[in-house]
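Chain by chain, the residues:
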Amino acid sequence: MKTTALIVEYNPFHNGHQYHLQKSREITGNDDLIVIMSGNFTQRGDAAILDKWARTKQALSCGADLVLELPFIYDIRSAEYFAHYSVLSLEKTNLVDSIVFGSEAGDLELLSAAAEALTKESPAFKKSLQNYLKNGLDFPTARAKALLNTYQDFNDLAKFNSKKIEKILAAPNNILAIEYLKSLFKLDSKIKAYTIKRMGTNYHSQEINKNYASASLIRNLFNNRNQKEALQAVKKLMPEPAWSILKKEVELGRYVKNSSQKQIIVKTIDQIRRLQAEDLTKYNGINNGLENRFINTAAAEFKAESFLEALKAKNLTESRIKRKILQLYFSLDTAKIELVENNAPHYLRVLGIKKGKEYLLSKLQAEAEAEVIINPAEKINEINIQAEAALELSLSYDLLASDLYALLYENQKHSQSHRDFHQRLIKIY
């Protein structure tokens, strides 16, 4: 039996995700479908609206067979690292023969040509990239401009016109698709890639197209309206099982609004005020003067919004700032990241499975090249972010992220710590 994999966040699960699941089964003809999903925090550095267990229930209720959690340390990284460790984790399952990702382009040939060019990096491309970076552009923008300057150096990419290339490099799902393909190239993977065109509105859109809307719009409805109004407004935008799970979690107060995340930023500002600039250089990507910007901005600002706004610049996106804030908050410095990345991934964390598909879990346990973890208590009995063993350190951060997330719930009675230790494997019929 063959297995298809999807890399997802489901923040929250909506009709576009349902289309992705159904279409993935259709185009691959595979029997089983695994998703590897962000945990309680997303790649853009935000807390998810629902916790990872509720989103696992949504996924299993709407067509997934097995849900794995992408470890927190890989999750809050740039698109390149997020994609690479997602693909590498799927590679280590030894079960996956195809991967299907959404893209705005829906053109695998063009996306593959761009991915191969960015993997090979001609001398002219590298020179152009460095020039744009020196001029203060952020890495994604600099890379896109450099590729447009040199795309004729690459035979497969030269077949396309520059406007088409520019368009694909500007869209977030295309960017992730290219990173997935780059990882498959670098790993010389036998996993076959497919892409489907994103349905409905774009990633950041605040408009509704028939019954399709972005996850961003759905989250914003809960940020800007009362619970009852928001639930009613999103009902047509989500499959019924996913909406029912969302409704239950919202009514329990077991969800997170954007406003709750401000306390993480404020607490991080307090931490930064206790540090010297050289202390910040121990963190990945905080160097070349950025450490001084963090110190000076933290000294001047104490509100979350103004702190983010003051730090933003053409070479520093809000998402990158949010990821750095989480790394600072958790004392997740470069040394710890490098320890976990060495010989990664060290484990595959299973969050849930569909009943009747237990054989898929048995196959994973028998064939995976990494440890399969269902209950973290089987591996560690306490959180230790000073651990010297990569598995213990990474798993500790997964659990610590859950503990922080619990403090952000709308209803504080759900804010108990260490839920990962006693949460059972989720099973959905």
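Residues numbered from 1 in each chain as written. Predicted model: local features only at pLDDT ≥ 70, side-chain atom pairs only at ≥ 80, totals over all residues. Heavy atoms only, no water.

### Section: the overall build of the protein chain
Stated formally: Going along the chain from the N terminus, every DSSP run of H or I of four or more residues is numbered as a helix, and every run of E of two or more is numbered as a strand. For the radius of gyration, the atoms used are the C-alpha atoms, and the globule rule reads 2.2 Å times the number of residues raised to 0.38. The classification of residues rests on relative accessible area computed with a 1.4 Å probe and restricted to protein chains. Under 20% of the type maximum is buried, over 50% is exposed, and intermediate values are partly exposed. The contact definition used throughout considers only heavy atoms, calling two residues in contact when any of these lie within 4.5 Å. All tallies of charge rest on Lys and Arg as positive and Asp and Glu as negative; His and the ends of each chain are not included. Charge coordinates come from a single atom per side chain, which is NZ of Lys, CZ of Arg, CG of Asp or CD of Glu.
Across its full length, the protein chain carries 22 helices and eight strands. Over its C-alpha trace the protein chain gives a radius of gyration of 21 Å, about what one expects of a compact globule, namely 22 Å for 429 residues. With respect to the three principal axes, the spread of C-alpha positions in the protein chain is 55 × 55 × 45 Å. Burial statistics for the protein chain: of 429 residues in total, 56% are counted as buried. The long-range fraction of contacts in the protein chain, counting pairs at least 24 apart against all pairs at least 6 apart in sequence, stands at 72%. Side chains of the protein chain give 59 positive and 51 negative charges; the mean places of these two sets differ by 5 Å.

### Some words on the packing of helix 5 (residues 108-120) against helix 10 (residues 172-186)
The condition is simple: Helix axes are fitted only over the stretch in contact, all axes being lines through C-alpha atoms; the angle between N-to-C directions runs from 0 to 180 degrees. The cut-offs work like this: below 35 degrees is roughly parallel, past 145 is roughly antiparallel, 65 to 115 is roughly perpendicular, and the gaps in between are oblique. Each crossing gets its handedness from the near helix: less than a right angle anticlockwise from the far helix is left-handed, clockwise is right-handed. Here the term charged refers only to Asp, Glu, Lys and Arg, the term nonpolar to Ala, Val, Leu, Ile, Met, Phe, Trp, Tyr, Cys and Pro, and the term polar to all other amino acids, Gly among them.
Taken N-terminus to C-terminus, the directions of helix 5 and helix 10 make an angle of 60°; their axes are 8 Å apart at the nearest point. On the basis of their axis angle, the class for helix 5 and helix 10 is oblique. For helix 5 against helix 10, the interelement crossing comes out right-handed. For the pair helix 5 and helix 10, contact is made by Leu 108, Leu 111, Ser 112, Ala 114, Ala 115, Glu 116, Leu 118 and Thr 119 and by Asn 174, Ala 177, Ile 178, Leu 181, Lys 182, Phe 185 and Lys 186, respectively. Residues of the contact of helix 5 with helix 10, tallied by class, amount to nine nonpolar, three polar and three charged.

### Observations regarding the packing of helix 4 (residues 79-93) against helix 10
Viewed as axis vectors pointing N to C, helix 4 and helix 10 meet at an angle of 50°, and their least axial separation amounts to 8 Å. Comparing their axes, helix 10 and helix 4 come out oblique. Taken as a pair, helix 4 and helix 10 cross one another with a handedness that is right-handed. Between helix 4, through Ala 79, Glu 80, Phe 82, Ala 83, His 84 and Val 87, and helix 10, the contact on the second element is made entirely by Leu 176, Glu 179, Tyr 180, Lys 182, Ser 183, Leu 184 and Lys 186.

### What to know about the nonpolar core
Quick reminder of the rule: Side-chain atoms within 4.5 Å link the members of a nonpolar core, which is a set of buried Ala, Val, Leu, Ile, Met, Phe, Trp, Tyr and Cys residues.
Counting residues in each nonpolar core, the largest one holds 97 residues, and the members touching the most others are Phe 41, Leu 157, Phe 294, Phe 307, Phe 330 and Leu 364. Apart from residues lying up to four places away in sequence, Leu 364 is in contact with Leu 66, Leu 68, Thr 93, Leu 95, Leu 348, Val 350 and Val 372. Of all hydrophobic cores here, the second largest spans 38 residues; its members include Leu 60, Val 100, Leu 221 and Leu 231.

### Regarding the environment of Ala 144
Take Ala 144: it is sitting in helix 7 (residues 139-150). Between the C-alpha atoms of Ala 144 and Asp 403, which are 259 residues apart in sequence, the distance is 38 Å.

### Observations regarding the side chain of Asp 51
Turning to its location among the elements, Asp 51 is positioned in the loop between strand 2 (32-38) and helix 2 (52-61). A relative accessible area of 1% places Asp 51 in the buried class. If near-sequence neighbours (up to four positions away) are discounted, Asp 51 is found in contact with Asn 40, Glu 249, Arg 254, Tyr 405, Tyr 409 and Arg 419.

### A word on the side chain of Asp 32
As for its placement among the helices and strands, Asp 32 is situated in strand 2. Other than its neighbours up to four places away in sequence, Asp 32 contacts Met 1, Lys 2, Thr 3, Thr 4, Arg 25, Asp 65, Lys 357, Tyr 359 and Leu 360.

### Description of the environment of Lys 126
When you line up the elements, Lys 126 lands in helix 6 (residues 123-134). Distance in space between the C-alpha atoms of Lys 126 and Glu 116 is 14 Å, their sequence separation being ten residues.

### A word on the packing of aromatic side chains
So the rule is basically this: Stacked, tilted and edge-to-face are the three classes assigned to paired rings of Phe, Tyr and Trp, where Trp is represented by its six-membered ring and a pair needs centres within 6.5 Å; plane angles under 30 degrees give stacked, over 60 edge-to-face, the rest tilted. Criterion for a charge above a ring: Arg CZ or Lys NZ at most 6 Å from the ring centre, at most 35 degrees from the ring normal.
For the coordinates displayed, the defined rule picks out eleven aromatic pairs. A ring pair is formed by Phe 41 and Phe 72, whose centres lie 6.0 Å apart and whose planes are at 75°; its orientation type is edge-to-face. With Phe 41 in the loop between strand 2 and helix 2 and Phe 72 in helix 3 (residues 72-75), the pair connects residues that are 31 residues apart, well separated along the chain. Just as Phe 41 is buried, Phe 72 falls in that class too. Centroid distance Phe 222 to Tyr 255: 6.1 Å. Interplanar angle 65°. Geometry classified as edge-to-face. Of this pair, Phe 222 sits in helix 11 (residues 215-224) while Tyr 255 is found in the loop between helix 13 (240-252) and helix 14 (262-273), placing the two residues 33 residues apart along the sequence. On the basis of relative accessible area, Phe 222 is assigned to the buried category, the value being 1%. Here a set of aromatic residues connected by ring pairs shows up, and it is made of Phe 41, Phe 72, Tyr 329, Phe 330, Tyr 397, Tyr 405 and Tyr 409. The residue whose ring lies beneath Arg 77 is Tyr 81, and the NZ or CZ to ring-centre distance is 4.1 Å. Residue placement shows Lys 235 over the ring face of Trp 243; its charged tip is 4.6 Å from the ring centre.

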